[in-house]
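# Analysis of the macromolecular model
Spelled out from the first residue to the last, the chains are:
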Amino acid sequence: MVNALQRAWTLLVYLFLFAPIVMVVIMSVNRSRYSVFPVPGWSLDWYRQALSDPSIVEALRTSAVVAVIASVLATSIGTLAAVALVRLRFRLRKVAHAAFMSPLIIPEIIIAIALLTLSTTLDFRGGYPIVVAGHVLMGLPFVITVVSARLYGFDQSLEEAARDLGADEVRTFLRVTLPLVLPGVVGGLLLAFTVSFDNFLVTFMVAGSEIVTMPLKIYSMLRFEFSPKIHAASTVIIFITISLLFVYRALTRKDRYL
Amino acid sequence: MTASELDVELTHVSKSFGMVRAVDDVSFGVGRGEFFSLLGPSGCGKTTIMRMISGFEAPTSGSLKIRGQDVAAQPPFRRPTNMVFQHLALFPHMTVAQNIAFGLEMERLPKAEIGRRVGSALELVHLAGFDRRRVSQLSGGQRQRVAIARALVKRPAVLLLDEPLGALDLKLREEMQLELKRIQREIGTTFVYVTHDQKEAITMSDRIAVINGGRIEQLDTVSAIYERPRTAFVAGFIGETNLLRGRLVEAGGETATVAVGEARLAVRPEAPLPRDTEVLVSLRPEKIRLGPPLPETANRLDGTVESIVYLGSHTRYRVQVPGVGGLDVDVQNAEPAAPHEAGRPVTLGWQPAAAVVIPQPSGRAE
Ligand SMILES: Nc1ncnc2c1ncn2[C@@H]1O[C@H](COP(=O)(O)OP(=O)(O)OP(=O)(O)O)[C@@H](O)[C@H]1O
Ligand SMILES: [Mg+2]
């Protein structure tokens, strides 16, 4: 009895969480132009149309390029920052940590406005650099959290052993520390990629007119010409995001060392 | 031993962590090819000494030389020492061969030479054929051997071992002790070995420094540490002993007399002591004879057997001596049955040279 109730409740929670997403996916293969239920028939036509719309393909490409650059940058900076935050004992360590984590806590709209203000003051409007910078900022806390967790669970005498055997700091990092925190680094990379790929608010504020990422494209389609192509495009984003999460899970599960 | 033959030399070395004085004015030299042990209870500063030799900690004061060179300015990766860590610290993402090759790769040696030296290191520790294994696929004893091979393959001037056998069970530990001793004899490298296990130190070492509270209590050969402890701490820490508190009542010549309670004991102090010195008499359980005294036995005490514990190779008797206290006496089990019974009166006897006299600084309560 309790079991049945529990199951029903779980089902309800999942329904609440995933119903909107499932609706988008269903509507993307709906033959009709209109979002009606039950669906009158099935078709992949909206995908065909979406993928033959050059502006959508271009947006997908832009998103991918931005996400790759931003996630690689966020991962490199974040990994080194995590090593410093975990390993070194310096004044202001806590302050530095809080600063890196702040994008998680400060409302995104405020970060977006701050970036916009900064870029106009520096007369550095629009363009890839400011978009990428914004995405790096949003991705950093994720990278730092995942890599730090890895570093905390790491036997520091391994690094001492490397130094004892003749490795200087750089080679100790490259040959011992990095390989051992690699699952965390890859996890951070994937998270930073999704954060960038999905980002709307920051991109919207700082992108200017010539950069259109996928979320921006979907938004403008919603406003100007509603079409189930939007569902198809959204489903593509959902699919990419979810597959990355699975890759992350698979990578961290296969973890043999810790 | 001249200074040039010393592989490690500490001169008045101290180390403080904030208010904690972990190492307090320690000086010693380790000769080339020596098996030297630092022995002491937990927290006495053994690891700190090792970390200063290997370069992970800098002494607060004092000087440290390796092969005659002051190493104060050398980081760990430049020092001719290698360490076997307490928890081994083998690299989990590498195979056995990669672990051992790591230190040689850091020296940028040619591949062929690395291969050759890794091969002979594996042979030295009897692990030939294990090169492709992962660390996680090894037993505790095998991991131990890999850690030793990884450090020795660098051909260090000094090998530092910080309680390397602590994690092994007793049987394996005893096996590895002999194994380590064999390796050390074979390659002739200087070993500095840390342990809190006195049996281990006695089995393996040439000389032992007994450390207590960051200071060296006594530095001596193994037999001297056991036979002639200079402090009550050393006498109690190395092996087992009966400590009797007393006062020197008769001095002069080779032997002296100590009053312990109502008893008068003949002793033979290392150096002449003035009358009325407060002393501890350390008497090892196996040096006391139990039963009818031989005619020449100088010290005799009458007591009663209080308890008997059978310990395999020997039997431990607890004997109460009126006016003196309880004494532990070991009797070898040459014959199957224990010859004495609880509650029976017995006579204890020993020669003056069997006991060690440890003068007590006045005012110091032990
Ligand atoms: N990094 C440190 N910071 C502060 N105190 C320390 C530090 N390292 C050691 N100590 C202190 O110095 C003393 C000696 O420590 P050490 O590790 O050398 O002892 P040990 O003899 O190796 O003990 P064990 O047998 O338990 O390993 C201890 O009181 C310890 O708390
Ligand atoms: Mg220690």
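Residues numbered from 1 in each chain as written. Chains lettered and ligands numbered in written order. Predicted model: local features only at pLDDT ≥ 70, side-chain atom pairs only at ≥ 80, totals over all residues. Heavy atoms only, no water.

## What about the overall build of chain A?
Helices and strands together make up the secondary structure of chain A, namely 11 helices and 0 strands. Referenced to the eigenvectors of the C-alpha coordinate spread, the extents of chain A come out at roughly 70 × 65 × 30 Å. The proportion of buried residues among the 258 residues of chain A is 41%. Of the contacts made within chain A by residues no fewer than 6 positions apart, 71% connect residues no fewer than 24 positions apart. By element, 72% of the accessible surface of chain A is carried by carbon and sulfur atoms, the whole surface being about 14,300 Å². (Helix = DSSP H or I, 4+ residues; strand = E, 2+ residues; numbered from the N terminus. Buried < 20%, exposed > 50% of the residue type's maximum accessible area, 1.4 Å probe, protein only. Contact = heavy atoms within 4.5 Å. Areas by Shrake-Rupley, 256 points an atom, 1.4 Å probe, with all protein chains shown as cover.)

## Some words on the UniProt feature "transmembrane region" (unreviewed entry) in chain A
According to UniProt, the positions carrying the feature "transmembrane region" (unreviewed entry) are residues 12-29, 64-86, 98-118, 130-152, 173-194 and 230-251 of chain A. The span residues 130-152 of chain A shows a helical share of 100% and a strand share of 0%, and its end C-alpha atoms are spaced 33 Å apart. (UniProt positions renumbered as here; feature names shortened; annotations may be inferred.)

## Looking at the sheet that holds strand β17 (residues 314-321) of chain B
The strand order β15-β19-β16-β17-β18 (chain B) describes an open sheet built from 5 strands, whose pairing is antiparallel. This sheet does not close on itself; its edge strands, each paired only once, are β15 (289-290) and β18 (325-332) of chain B. (Pairing = 2+ DSSP bridges.)

## Focus: the site of ligand 1
Residue and element names in this part refer to chain B. As a structural note, the neighbourhood of ligand 1 is formed by Phe17, Ala22, Ser42, Gly43, Cys44, Gly45, Lys46, Thr47, Thr48 and Glu163. At 2.7 Å from an oxygen atom of ligand 1 is found a main-chain nitrogen or oxygen belonging to glycine 43. Lysine 46 is positioned such that a nitrogen or oxygen atom in its side chain is 2.8 Å from an oxygen atom of ligand 1. For ligand 1, whose accessible area on its own is 640 Å², the fraction buried by protein is 60%. Per-element accounting of the shell around ligand 1 gives the leading share, 3 residues, to helix α1 (residues 46-54). Here the shell around ligand 1 is built from residues that sort into 3 nonpolar, 5 polar and 2 charged. (Near = heavy atom within 4 Å. Polar contact = N/O pair within 3.5 Å; in protein donor to acceptor, adjacent residues only side chain to side chain. Nonpolar A, V, L, I, M, F, W, Y, C, P; charged D, E, K, R; others polar.)

## Quick word on α1 of chain B
All names here are of chain B. Among the 9 residues that make up α1, 8 are buried, leaving the element largely enclosed by the rest of the structure. Here α1 has its buried residues at Lys46, Thr48, Ile49, Met50, Arg51, Met52, Ile53 and Ser54. Backbone geometry just after α1 places glycine 55 at a positive phi near 100 degrees.

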